[in-house]
Amino acid sequence: MENHPIIIGVTGGTGSGKTSVTRKIMANYEDVSLAYIEQDAYYKDQSHLSFEERVKTNYDHPLAFDTALLKKHLQMLLNGQAIDMPVYDYSAHTRSQETVHISPKEVIILEGILILYDEELRDLMDIKVYVDTDDDIRIIRRIQRDIAERGRSLESVIKQYTEVVKPMHEQFIEPTKRYADLIIPEGGQNLVAIDLMRTKISAILLEKKK
Ligand code: ADP
Ligand code: C5P
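Being a predicted model, the structure only gives us computed values, none of them experimental.

Peer 1: Explain the UniProt feature "binding site: ATP" (unreviewed entry) in the protein chain here, please?
Peer 2: With numbering aligned to this structure, UniProt lists the feature "binding site: ATP" (unreviewed entry) at Gly12, Gly13, Thr14, Gly15, Ser16, Gly17, Lys18 and Thr19. The subset of these annotated residues that lines the largest pocket comprises Thr14, Gly15, Ser16, Gly17, Lys18 and Thr19. Summarising the element assignment, Gly12 is placed in strand 1 (residues 6-12). Judged by relative accessible area, Gly12 falls into the buried class, the value being 0%. If sequence neighbours within four positions are ignored, Gly12 has contacts with Lys18, Gly112, Ile113, Tyr130, Val131 and Ile173. By the element assignment, Gly17 lies in the loop between strand 1 and helix 1 (18-26). For Gly17, a relative accessible area of 11% translates into the label buried. When sequence neighbours within four positions are dropped, the list of residues in contact with Gly17 reads Val131, Arg141 and Gly188.

Peer 1: Hey, could you run me through the pattern of salt bridges in this one?
Peer 2: Pairs can form between side chains of opposite charge once their charged atoms are near each other. If you walk through the whole model with that rule in mind, you get 10 salt bridges. One salt bridge connects Asp132 with Lys177, and the closest N-O pair in it is separated by 3.1 Å. One end of the pair, Asp132, is in strand 6 (residues 127-132); the other, Lys177, is in the loop between helix 6 (154-173) and strand 7 (182-185), with 45 residues separating them in the sequence. Here Asp135 ties to Arg138 by a salt bridge, and the two come within 2.9 Å at their closest N and O atoms. Taken together, the residues Asp135 and Arg138, both in helix 5 (residues 135-149) and three residues apart, mark about one turn of the helix. Salt bridges here are not isolated pairs; linked through shared partners, they connect Lys71, Asp118 and Glu120.

Peer 1: Explain the packing of helix 5 against helix 6 here, please?
Peer 2: The description of two packed helices rests on the angle between their axes and on the distance between the axes. Interhelical geometry of helix 5 versus helix 6 gives an angle of 140° and a closest axis separation of 10 Å. Classified by the angle their axes make, helix 5 and helix 6 are oblique. Helix 6 is crossed by helix 5, and the crossing has right-handed handedness. When helix 5 is examined against helix 6, the residues Asp135, Arg138, Ile139, Arg142, Ile143, Asp146 and Ile147 are found in contact with a partner set consisting of Leu154, Val157, Ile158, Gln160, Tyr161, Val165, Lys166 and His169.

Peer 1: Mind showing me how you'd approach the layout of surface pockets here?
Peer 2: Over the atoms rolls a probe the size of a water molecule, and its path tells where empty space is left. Reported here for the largest pocket is a volume of approximately 690 Å³. Every residue lining the largest pocket is counted, 32 residues in all, and those nearest its centre are Thr14, Gly15, Thr19, Arg145 and Arg150. Listed by contribution, the elements that provide at least two residues to the lining of the largest pocket are helix 1, strand 2 (34-38) and helix 5. Grouping the amino acids of the lining of the largest pocket by side-chain chemistry returns six nonpolar, 12 polar and 14 charged. Reported here for the second largest pocket is a volume of approximately 300 Å³. Every residue lining the second largest pocket is counted, 18 residues in all, and those nearest its centre are Val55, His93, Arg152, Ser156 and Gln160. Looking at the lining of the second largest pocket, the elements that each hand over two or more residues are helix 2 (51-55) and helix 6. The residue inventory of the lining of the second largest pocket, partitioned by class, reads six nonpolar, seven polar and five charged.

Calculation rules
Residues numbered from 1 in each chain as written. Chains lettered and ligands numbered in written order. Predicted model: local features only at pLDDT ≥ 70, side-chain atom pairs only at ≥ 80, totals over all residues. Heavy atoms only, no water. UniProt positions renumbered as here; feature names shortened; annotations may be inferred. 1 Å grid on protein atoms, 1.4 Å probe; cavity = no way out; pocket = protein on both sides within 12 Å on 5 of 7 lines; lining within 4 Å. Helix = DSSP H or I, 4+ residues; strand = E, 2+ residues; numbered from the N terminus. Buried < 20%, exposed > 50% of the residue type's maximum accessible area, 1.4 Å probe, protein only. Contact = heavy atoms within 4.5 Å. Salt bridge = Lys/Arg side-chain N within 4 Å of Asp/Glu carboxyl O. Axes fitted to C-alpha atoms, helices over the stretch in contact; angles between N-to-C directions. Parallel < 35°, antiparallel > 145°, perpendicular 65-115°, else oblique. Left-handed = near helix turned anticlockwise from the far one by under 90°. Points joined across faces, edges and corners; volume = space filled by probe spheres on them. Nonpolar A, V, L, I, M, F, W, Y, C, P; charged D, E, K, R; others polar.

Okay, structure coming up:
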C-alpha cells in the first residue's frame, strides 16, 4: 500500500470554471481528507515593489509564480509533512502577511491557470483535468468577478484582458491542454465529468487501501 496522498490538478483559462469544478469534486467527501491548493497562492511575493509596479506585472506568465515553493510544498505533503501555504491578496497584488497551515491529507486538489506548464509539477499529479470554456464566456465571467471580488474597474479588466490575459492564454495556457487526462467542457455544469472524476478518485483511494 502506498501512503502518500493523491494529487489532482485542475486547470483551464481564467473564468473557465476551475474553482466551480473543484468545489463540486470536493463536495460531500465525508470520509476522505482533502486539501485545496490554489496556484494563485504561489504568485511571487511582490511586497518589495510599489503598488504601481505591482499593477504592471504579467500575472499570466509562468514566471509570475513561485513554482519552486509550490513544488516544495507539494513534495512536503507527499512526504507526510504539514505546510504553511501563502495567502494571496488580489487587491494589493502581492502575498498577504497570513499563511494557512495545511496538514497532510489523503487527496490534494491543485487548481490554477498554469499548473500543467512545468514538467516536474505535472509529474506530481495523478489526474490532470483541463476545464475548457469558450473565450467569450470566460471574459464575461472575469469582468463580473474581478469587479465584484477583486477590486477592479471595468476599464482595467478590459485593458488587462486584451493586452495580457488573452495573448498569454494563447501562448502558455491553452497549449497545456495536451497534457490533460480529461478535458471538461461546460465546467461546473458538466455533472457527468464531475461524477467520473469522483468515481476515479474513489477507485484510486480504494486501491491504495488494499
Ligand atoms: P476560474 O476558477 O476558472 O477562474 P470560476 O469557477 O471561479 O472560474 O468561475 C468564474 C466566475 O464564473 C465565478 O464568478 C463563477 O461563479 C462563475 N461561473 C462559473 N461557472 C459558471 C457557470 N456554469 N454558469 C454561470 N456562472 C459560472
Ligand atoms: O482565478 P483565475 O484563474 O481567474 O486567476 C488567474 C488570473 O488572475 C490570471 O488570469 C491573472 O491575470 C489574474 N491576476 C490578476 N491580478 C493579480 C494576480 C492574478 O488579475 N494580482
